[in-house]
Amino acid sequence: MKNRSDEEVVITEPFKGQSPYLSQIQASELQKHEAVIAPMPHSMDFHSGTVAAEDKWRTIAPGETIEFEWIANYAGTYMYHCGTSSVLMHTAMGQYGAVVVSPKEGYPTDAEVDQEYVIVQSEMYLSQMGDSYIYDHGAALARDPSHVVFNGHVSSLSENPLRADEGDRVRIHFLNAGPSGTSSFHVIGAIFDQVWAEGDPRNTWYGMQTVLLGASSSATIEFIVPEEGIYKLVDHEFADAERGAAGALIAGPRKAK
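This structure is a prediction, so every number in the text was calculated from the model and none was measured. (Residues numbered from 1 in each chain as written. Predicted model: local features only at pLDDT ≥ 70, side-chain atom pairs only at ≥ 80, totals over all residues. Heavy atoms only, no water.)

1. Focus on the domain arrangement of the protein
Here's step 1: The assigned domain composition of the protein is domain 1 (20–101) and domain 2 (115–252).
Here's step 2: Between domain 1 and domain 2, the contact holds 21 residues from the first and 31 residues from the second.
Here's step 3: The junction of domain 1 with domain 2 conceals about 2,000 Å² of combined surface from both sides, 67% of it contributed by carbon and sulfur atoms.
Here's step 4: The largest contributions to the domain 1 side of the interface with domain 2 come from Leu30, Thr77 and Leu88, which together make up 30% of the buried area. (Domains from an automatic or database assignment. Contact = heavy atoms within 4.5 Å. Buried area = accessible area lost by both parts, 1.4 Å probe.)

2. Regarding the pattern of salt bridges
Here's step 1: A complete count under the given rule lists 14 salt bridges for this structure.
Here's step 2: The partner of Glu7 in a salt bridge is Arg4, with the nearest N and O atoms 3.2 Å apart.
Here's step 3: Look at Glu7 and you get partly exposed, because its relative accessible area is 27%.
Here's step 4: Between Asp55 and Lys56 there is a salt bridge, and its shortest N-O distance comes to 3.2 Å.
Here's step 5: In this structure Asp55 comes out as partly exposed when scored by relative accessible area, which is 34%. (Salt bridge = Lys/Arg side-chain N within 4 Å of Asp/Glu carboxyl O. Buried < 20%, exposed > 50% of the residue type's maximum accessible area, 1.4 Å probe, protein only.)

3. Considering the sheet that holds strand β4 (residues 113–124)
The pairing of strands in a sheet comes from backbone hydrogen bonds and takes either a parallel or an antiparallel form.
Here's step 1: On the basis of which strands lie adjacent, the open sheet formed by six strands has the order β7-β4-β9-β14-β11-β12 and mixed pairing. The open sheet has two free edges, formed respectively by β7 (147–150) and β12 (204–208), since each of these has just one partner strand. Each adjacent strand pair in this sheet contributes to an overall mean axis angle of 20°, direction not counted.
Here's step 2: Pairing of β4 with strand β9 (residues 169–178), which is carried by nine bridges, proceeds in the parallel orientation. Across the sheet, the residue bridging to Glu116 is Arg171, located in β9. (Pairing = 2+ DSSP bridges. Helix = DSSP H or I, 4+ residues; strand = E, 2+ residues; numbered from the N terminus. Axes fitted to C-alpha atoms, helices over the stretch in contact; angles between N-to-C directions.)

4. Some remarks on the side chain of Ser5
Here's step 1: Tracing the sequence through the fold places Ser5 in the segment before α1 (20–28).
Here's step 2: A distance of 2.8 Å separates polar atoms of two side chains, one belonging to Ser5 and the other to Asn3. (Polar contact = N/O pair within 3.5 Å; in protein donor to acceptor, adjacent residues only side chain to side chain.)

Structural data, given as structure tokens:
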């Protein structure tokens with residue numbers, strides 16, 4: 001990790017195999033991102049690793065670089081984020097992501113999965129100033145988000161909905177990045193026939209309507225698309241859904257397999 005907060009940084013041109021979400025940002029500019037120089041210390045809290053954090057994940061100054069190695073001993077969907085104070089501010093301002101560690105022996109349904117996605121829920125605490133927004137630390141401390149979003153923006157999974165077909169088995173690796181709120185993830189019109197808490201195949205739940213996740217918790221969720229149509233994705237804590245935690249999966253007609 002290199003702390004590049006002392007230089008202008010923009011999203012680079014997507015490359016083959018890169019996350020589709022980064023390609024979507026390039027194409028749609030949902031974030032209306034502009035390069036800003038804001039020198040400050042940063043660090044990496046990498047939940048899928050087991051190391052001495054004060055050494056391997058120590059805070060570094062602008063221009064510095066740090067490296068560490070980790071062994072993926074535990075399957076699951078893990079959060080990483082900036083661990084420098086204020087962690088609340090750094091995480092709320094978007095310094096987080098997800099790492100999916102697949103089980104070495106796979107999930108029992110691997111041969112049946114047709115579509116596989118990653119969704120990250122998070123909160124923003126922003127106050128509007130003219131045409132711009134600034135971070136509101138008071139609102140963050142009060143746990144009063146201005147926006148609650150899937151994949152970084154209120155429109156991410158509306159303008160770029162998930163896709164599947166009737167009869168498909170869909171797998172979603174879902175992470176609640178917080179930094180402070182809970183998530184009650186639900187797909188309207190579907191039942192999660194298998195859910196693995198934290199993405200670990202030893203933690204199995206069946207027939208769930210909603211998955212409740214605290215900040216930095218995750219689950220790997222599967223369901224069968226019952227028929228062609230539109231399936232709304234929501235945080236069933238509806239105050240959060242109205243703040244933006246909503247999207248859609250659009251299912252086409254059944255295809256021969």
